[in-house]
Amino acid sequence: MPSHYAFQLDSAFDPVPLLALLSGDWTLAEEPAARRRYECADSFDWRLHVEGLALVLVRVGNQRRWELTRADGQTLAVPAAQGLPAHLEALPAGEIADALADVLPPRALLARAAVDTRVRRWRLMDAEGKTVLRLVEEEGTAVPPEGGRNARHALPRRLMLQPLRGYEDVGDQVALHLEIGLGATRVPACPCAPAYHATGVVPGGYSSKIRVPLVPALTAAEAAHRIFLHLLDTLEANVAGTRADRDSEFLHDLRVAVRRTRSALSQIKRVLPEDRVAPFRERFDWLGRVTGPKRDLDVFLLQFPDYLAEVPADLREDLEPFRRFLLEDSAKERAALARRLASPHFRTVVKEWRAFLEAPPDLDAAENAARPVEAVAKARIWRLFRRIIAAGRAMGESPAPEELHELRKDCKKLRYLMEFFASLFPAEALDPLIKALKGLLDILGEHQDLAVQAQHLEGFAERMAAEGKAPARTLLALGALVARVMERRAEVRTEYAAAFAGFESAENRAAYRALFKPMPEPAA
Amino acid sequence: MKVLAVYSIKGGVGKTATAVNLAYLAARSGRRTLLWDLDPQGASSFYLRIRPKVDKPRKLLRGKRPLADAVKGSDFEGLDMLPADPAYRRMDILLDEAKKPTVQLRRLVEQLEDDYELLILDCPPSLTLVSENVFRAVDAMLVPVIPTPLSLRTLHQLLDFLAEEELGDVPVWPFYALADRRKRLHQEILDSKPDTRVPLLSTVIPYHSEVERMGLHRAPVAEYAGKSPAATAYVALWREVAERLRLTEA
C-alpha cells in the first residue's frame, strides 16, 4: 500500500491553483460526492495506541474495511466481515490479524470514537487520460462512541492524496505543491487523533495500573480518600463492559479494583472513621463473592487451549463437551452477574461509597487520620514486610500448602500497599522491590491457583456426570488434566524455597529498611 | 489469495473482456484484486489505460525482481494490474530457464499472497509451457466457449490435455460467451445442451456491441453501459465465480 498524504484545509478545496502549479497536460475530474464513516478501534485499555498502532473500520456505502496504520506510517487494509465490537478472531487472517495477535487478546476491539464525513473526490489524469492520483476532501464530525446527535463535534476539513501503485511519484509531487506552493499543513492521515481530541477522549486514559499522585505532606486521611476514589473510578469504568461481557478483562479489572479496595480497607489502619467504613468492608466482600463464579469460568475458557496441550493427543477431542459445559455455565453466570451489577444494592454501594469519599475527610475520626501520609505508609509497609519475613522463616523450606496460601495473602497486601503509595517514593528505588516481590508472588500465586483449578476441575467433572453431560472419555480427559495440574503444582512448589531465599536476602532487606523503616518520631 | 485464470486454447472468444470485467467487479465488491496480463498483445493493459511495458521482464519472470515492483494502479479503486510486455512472446523460453519450469509461475504469484485476495490471469491463447504453468498455479480456470462446434471442440482438447498431464483435478469452469441468439447455430447449441464433460456455468455472456466499445472507452462495460445486457451478464458471472471461489461479498 502506498502511503497516504493528508493536509488540513481552511476552506473548500479549489483544484484550479493546484492545476496551475503542475507542469504538463493534466486534468482533474470530479467524481460523485459520497459519505464515509470511520470508527476508531482500540481495546478498552488502549493496547493498540500503546504500541503505536491505529486501527480504523472504514465504511463506504455497504462496504467495510479495516485499515491499520503502523508506527512507521505504513498502512494495511483488508475487507471487514463484521463491525465493532470485535475479537481478534473476527478479523480475516492476514497481516492485520498478525500485527494484532501479540497485542490485543484477550481484549476486544471497541469503537472509541467515530467520524462521519462528507467526501468530495477528484481523479488526477495524465495526458493519456490515465488516473494517476486520487484526491479526497473530507468534511467530518466526530461522535463519541456512546454519543447521540447532540454530541457531534465538527472536525477540520482535510484533503487526502491517495497515490496509485506504480504512480507514487505523482503523489509526492502534488504533495510538495500543496505544501510549498499552496501552504497547506500536513497532518496525519488517520482521522482518530482529531476525533479523540474533539470528543474529549484521552487515548491511553485508562489503565488497570494504580496511578495515584500523592505528596508526603498530605494527611493520611486525604491520601486514603484519593486512593479509594481512584479504585472506585476503575471499578465503575468497568461496570458497563462487564455487564455486556465485551471481553473477559472488564470483569478481571473490576475484581482487582474490589480486591485492592478490600485490601486497603484492612491495611490502611486507623485512618478512616471505623463506624463509617465497617459496613463497606462487608459490601465489598459481597462484591468479591458475587463476581467470582463468572471470573472462574472466564479463566477456564481462556486456558482451554493450554489444557488441550496438557492432555494426551487421543483425548483432546473428548474435552469438547467440557468446553461446551463451560460456555453454557458462563452464559448463566453472565446473566446473573449482569443482574447484580444492575441491582439497587450495587448502585447504592457505589453511590454511598463515592459520597463518603468525595466529602472532606474527618481528620479527628481516627488516630492516624491527620498524620502525614508518608509516615503512615512507611510504618505500615515496614511492619508488614517484617511480618512476612518472620512468617516465611518460621515456615522453613517445605511449608504446608495452607501456610503458603497465608504467605501469599500477606505478600499481595504488601504489593498493593507499595503500589498505593508508589508516588511517595523514588521509582528507581521502589520498582526493583515491587519486581522482586512479584517474582515471589508469581510462584505463590501459581501454587494456589493450580490447587484451586484442580478442585474446580473435579467439581466440574462431578457436575457434568450428575447432569449426564459427560461421556466416559471426557471424564478420563478431565482426570488426566487434574493429574497434570497437580504435577505442575508440585513442580512450582520446588521453586518456592529459592524464591523466598531471594526475597529474604540481606540485600533486599537492606533496601526495604532504607526505604520504609520509620525514623523514630520526636517525643511529644 | 485465490488465483483464477481466464483461459482458452482458441483466440477471439471474449477472454480478455471477461478477465477485465471480472477483475473490475471483484474490486468493486471490496476484494483487493490484481489482474496479470500474460498475453503479449497487451489487450487488457490497453483496456485499463496502462502501458503494456514492464521494466526488466526477464528478471521478473525468473524471480530476480519482485513482482510488486511492476504493479500499476488502475483507474478503479481496489484494482491493480501487472501489465503485459512484448517480451512475453518468448515467455516459454523465459520460464524454461527456471529450475522447475512448470511451477515457476506458481512460485512467482506466491510473492503476492498477502497483497491481494484475488489474482486473475489473462492468459495467451495456446497450449504451451505457459499454459502448463498457468494450470499448476490456479485455483480454477474460467474458459469462455462460443456456442459453436469448433469452440466446444477446443474445450474437449483442453480437458484431454489436462487429463493426460495428470492435471484432471484443476477445476475447469466453462461458460458460453459471445452468444448471439440471432445466429441459428448458436441458438441450436444453446438449446441442445451438448456434452461438455464438465458442467457449464449457468451465466451466458451475450454478444453485444457494447463489449467491443471497451476499447473506445478503455474501461469495463459496467463503467459506461451499466444497464446493458452484457454488463448485467458479467455481474451474474462474477456472482457465480465469487460463490465458487468462496469470495462472496464481505
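Calculation criteria
Residues numbered from 1 in each chain as written. Chains lettered and ligands numbered in written order. Predicted model: local features only at pLDDT ≥ 70, side-chain atom pairs only at ≥ 80, totals over all residues. Helix = DSSP H or I, 4+ residues; strand = E, 2+ residues; numbered from the N terminus. Rg over C-alpha atoms; globule rule 2.2 N^0.38 Å. Contact = placed C-beta atoms within 7 Å. pLDDT = per-residue confidence, 0-100. Axes fitted to C-alpha atoms, helices over the stretch in contact; angles between N-to-C directions. Parallel < 35°, antiparallel > 145°, perpendicular 65-115°, else oblique. Nonpolar A, V, L, I, M, F, W, Y, C, P; charged D, E, K, R; others polar. Core = buried A, V, L, I, M, F, W, Y, C linked by C-beta atoms within 7 Å. Buried ≥ 20, exposed ≤ 12 C-beta atoms within 10 Å, placed from the backbone. Expected span 1.5 Å × (residues − 1). Arc of directions from axis to C-beta. Domains from an automatic or database assignment. Right-handed = clockwise from strand over helix to strand, strands pointing away. Pairing = 2+ DSSP bridges. Left-handed = near helix turned anticlockwise from the far one by under 90°.

A. Structural detail: the overall build of chain B. Each helix and strand in chain B was counted, giving twelve helices and eight strands. In terms of C-alpha radius of gyration, chain B reaches 17 Å, essentially the compact-globule figure of 18 Å for 250 residues. Each principal axis of the C-alpha distribution contributes one length, and for chain B these read about 50 × 40 × 35 Å. Summarising the internal contacts of chain B: among those between residues at least 6 apart in sequence, 78% fall at separations of at least 24.

B. Spotlight on the overall build of chain A. On a plain count of helices and strands, chain A comes out with 16 helices and ten strands. Along the first, second and third principal axes, the C-alpha atoms of chain A reach 90 × 70 × 50 Å. Long-range contacts, defined here as pairs at least 24 residues apart, represent 72% of the contacts in chain A between residues at least 6 apart.

C. Expanded view of the confidence of the model for chain B. Scored by pLDDT, chain B has a mean of 92; 99% of the residues are at 70 or more. Quick note on the complex model: pTM equals 0.79, ipTM equals 0.81.

D. Looking closely at the packing of helix H8 (residues 248–267) of chain A against helix H13 (residues 401–420) of chain A. All names here are of chain A. As a packed pair, H8 and H13 sit with axes 10 Å apart at the nearest point and diverge in direction by 90°. Taken together, the axis directions place H8 and H13 in an arrangement best described as roughly perpendicular. The residues of H13 that touch H8, namely those facing Arg260, Ser263, Ala264 and Gln267, are Lys413, Tyr416, Leu417 and Phe420. Residues of the contact of H8 with H13, tallied by class, amount to four nonpolar, two polar and two charged.

E. Just the nonpolar core, in detail. Of all hydrophobic cores here, the largest spans 76 residues; its most connected members are Ala5, Leu22, Ala23, Ile120, Leu121, Ile205 and Tyr234 of chain B. Tallying contributions element by element places helix H1 (residues 15–28) of chain B first for this core, with nine residues. In contact with Ile205 of chain B, other than residues within four places in its own chain, are Gly14, Phe175, Tyr176, Ala177, Leu178, Ala179, Ala230, Ala233, Tyr234 and Leu237 of chain B. One finds Val271, Ala366, Leu417 and Tyr496 of chain A within the second-largest nonpolar core, a separate group that totals 64 residues.

F. Spotlight on helix H12 (residues 229–244) of chain B. Residue and element names in this part refer to chain B. The end-to-end C-alpha separation of H12 is 23 Å, in line with the 22 Å expected for 16 residues at 1.5 Å each. Among all positions in H12, only Ala230, Ala231, Ala233, Tyr234, Leu237, Trp238 and Val241 are buried. Angularly, the buried residues of H12 cover 155° about the axis, an arc narrow enough to put them on a single face.

G. Molecular detail of the domain arrangement of chain A. Residue and element names in this part refer to chain A. Entries for chain A in the domain assignment read domain 1 (5–199) and domain 2 (220–516). Placing the centre of domain 1 and that of domain 2 at their C-alpha centroids yields a distance of 43 Å. At the junction of the two partners, domain 1 supplies six residues and domain 2 supplies seven residues. Here the residues of the side of domain 1 that touches domain 2 are counted per class, giving five nonpolar, no polar and one charged.

H. View of the interface of chain A and chain B. The interface is formed by 16 residues belonging to chain A together with eleven residues belonging to chain B. Counting residues per element, the side of chain A that touches chain B draws most heavily on strand S4 (residues 63–69) of chain A, which supplies three residues. Split by residue class, the side of chain A that touches chain B holds five nonpolar, five polar and six charged.

I. View of unusual backbone geometry. Residue and element names in this part refer to chain A. The amide bond that connects Leu84 to the next residue, Pro85, takes the cis arrangement and shows omega of 0°. A cis geometry characterises the amide bond from Pro105 onward to Pro106, with omega recorded as 0°. Here Pro106 shows up in the loop between helix H3 (95–101) and strand S6 (110–125). At Arg270, a residue that is not glycine, the phi angle is positive and equals roughly 50°. Residue position: Arg270 is located in the loop between H8 and helix H9 (274–310). Given 13 C-beta atoms within 10 Å, Arg270 falls into the partly exposed group.

J. The environment of Pro191 of chain A, seen in detail. Its place among the elements puts Pro191 of chain A in the loop between strand S10 (185–186) and helix H5 (192–199). Given 26 C-beta atoms within 10 Å, Pro191 of chain A falls into the buried group.

K. A look at the pairing of strand S7 (residues 172–179) of chain B. Residue and element names in this part refer to chain B. With seven of eight residues buried, S7 is to be regarded as a mostly interior element. As a crossover connection, the stretch from strand S6 (residues 140–145) through helix H7 (residues 149–164) into S7 is right-handed. Across two bridges, S7 lies against strand S8 (residues 204–206) in parallel orientation. Paired with Tyr176 across the strands is Val204, a residue of S8.

L. The arrangement of the sheet that holds strand S5 (residues 118–122) of chain B in detail. All names here are of chain B. Ordered by their spatial adjacency, eight strands build an open sheet running S3-S4-S2-S5-S1-S6-S7-S8, and the pairing between neighbours is mixed. Because the sheet does not close on itself, it has two edges, and the strands there are strand S3 (72–73) and S8. With four bridges joining them, strand S2 (residues 33–37) and strand S4 (residues 79–82) adopt parallel strand pairing. Directly across from Thr33, in S4, lies its bridge partner Leu79. Docked against the sheet, H7 engages S6 and S7, running at close to 155° with respect to S6.

M. Spatial organisation of the packing of H8 of chain A against H9 of chain A. All names here are of chain A. Axis separation between H8 and H9 bottoms out at 9 Å; the angle between their running directions is 145°. For the element pair H8 and H9, the recorded crossing hand is left-handed. Residues Ser248, Leu251, His252, Leu254, Arg255, Val258, Arg259, Thr261, Arg262 and Leu265 of H8 form the contact with H9, whose own contacting residues are Val277, Phe280, Arg281, Phe284, Asp285, Leu287, Gly288, Thr291, Lys294, Arg295, Asp298 and Leu302. Taken together, the residues of the contact of H8 with H9 sort by class into nine nonpolar, five polar and eight charged.

N. Here's a closer look at the environment of Leu94 of chain B. Residue and element names in this part refer to chain B. Structurally, Leu94 can be placed in helix H4 (residues 91–96). On the basis of neighbour count, Leu94 is assigned to the buried category, with 21 C-beta atoms found within 10 Å. Each C-alpha atom of the pair Leu94 and Val138 lies 20 Å from the other, and the pair is 44 residues apart in sequence. Among residues more than four places away in sequence, those in contact with Leu94 are Arg58, Leu61 and Arg62.

O. The arrangement of the environment of Ile146 of chain B in detail. Residue and element names in this part refer to chain B. You can see Ile146 is positioned in the loop between S6 and H7. Given 25 C-beta atoms within a 10 Å radius, Ile146 is considered buried. Apart from the residues lying within four places of it in its own chain, the contact partners of Ile146 are Val13, Ser151, Ala177 and Leu178.

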